[in-house]
Structure formats: C-alpha cells, structure tokens
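Report on the structure
Below, each chain spelled out in residue letters.
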Amino acid sequence: MPTFQTLPRFTADLQHLTAAQRRRFRRVVLDAFVPDLRTGRQFRPGLRETRGFADS
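Because the structure is predicted, anything quoted here is derived from the model rather than measured.

Turning our eyes to something else, we now look at the overall build of the chain. Counting secondary structure elements, the chain contains 2 helices and 0 strands. For the chain, buried positions account for 4% of its 56 residues. Carbon together with sulfur atoms contributes 56% to the accessible area of the chain, which is approximately 5,700 Å² in total.

Set out below in structure tokens:
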C-alpha cells in the first residue's frame with residue numbers, strides 16, 4: 001500500500017530540472033531523506049523548509 005502520492009505540481013517541477021539537478025535531487029533523497037524516514041527522527045536541518053510568517 002503506497003504511503004505517498006505524487007502530485008502534478010511535483011511532476012511538473014521535476015520535469016523542469018536539468019539532468020544534473022535531477023541527479024542531485026535523487027542523491028539527496030537516497031542519502032538523506034530516506035535514512036531520516038527510516039530512523040523516525042526529525043529531518044535534518046538541510047532538508048527542512050524554512051517558512052516565514054506574514055506579519056498580521
């Protein structure tokens with residue numbers, strides 16, 4: 001049973017990457033993202049998205 005869904009936006013963004021960027025993306029997924037998922041710990045800081053909050 002899949003535990004993820006590939007969204008059209010992801011597919012479109014991936015198609016716009018150069019071959020070198022795709023290789024780098026795949027390498028980061030295999031060397032950092034997947035191991036972090038397997039250990040169950042938080043993602044390392046380099047993989048986290050930094051979000052700023054709008055002033056209200």
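A few words now on the pattern of salt bridges. As enumerated under the stated definition, the model contains 2 salt bridges in all. Note that D13 is salt-bridged to R9, the shortest N-O span being 3.4 Å. Remark: R9 and D13 occur in helix 1 (residues 8-15); sequence separation between them is 4 residues, near one turn of the helix. Among the residues examined, D13 registers a relative accessible area of 40% and is labelled partly exposed.

Right, let's get into the packing of aromatic side chains. The description of an aromatic ring pair uses the distance of the two centres, along with the angle that the planes make with each other. Tallying each qualifying case throughout the model produces 1 aromatic pair. Here the aromatic rings of F10 and F25 are separated by 5.9 Å at their centres, their planes lie at 50 degrees, and the arrangement is tilted. Linking F10 in helix 1 with F25 in helix 2 (residues 19-39), this pair joins segments that are 15 residues apart in sequence.

Below, the discussion takes up a nonpolar patch on the surface. Side chains of L7, F10 and F25 sit close together on the surface and give an oily, nonpolar patch of about 270 Å² of accessible area. Tracing the sequence through the fold places L7 in the segment before helix 1. When its relative accessible area of 46% is taken as the criterion, L7 is described as partly exposed.

What counts, and where the lines are drawn
- Residues numbered from 1 in each chain as written.
- Predicted model: local features only at pLDDT ≥ 70, side-chain atom pairs only at ≥ 80, totals over all residues.
- Heavy atoms only, no water.
- Helix = DSSP H or I, 4+ residues; strand = E, 2+ residues; numbered from the N terminus.
- Buried < 20%, exposed > 50% of the residue type's maximum accessible area, 1.4 Å probe, protein only.
- Areas by Shrake-Rupley, 256 points an atom, 1.4 Å probe, with all protein chains shown as cover.
- Salt bridge = Lys/Arg side-chain N within 4 Å of Asp/Glu carboxyl O.
- Phe/Tyr/Trp six-rings, centres within 6.5 Å; stacked < 30°, edge-to-face > 60°.
- Patch = residues over 30% accessible without salt bridge, like charges linked within 9 Å, V, L, I, M, F, W, Y side chains within 5 Å.

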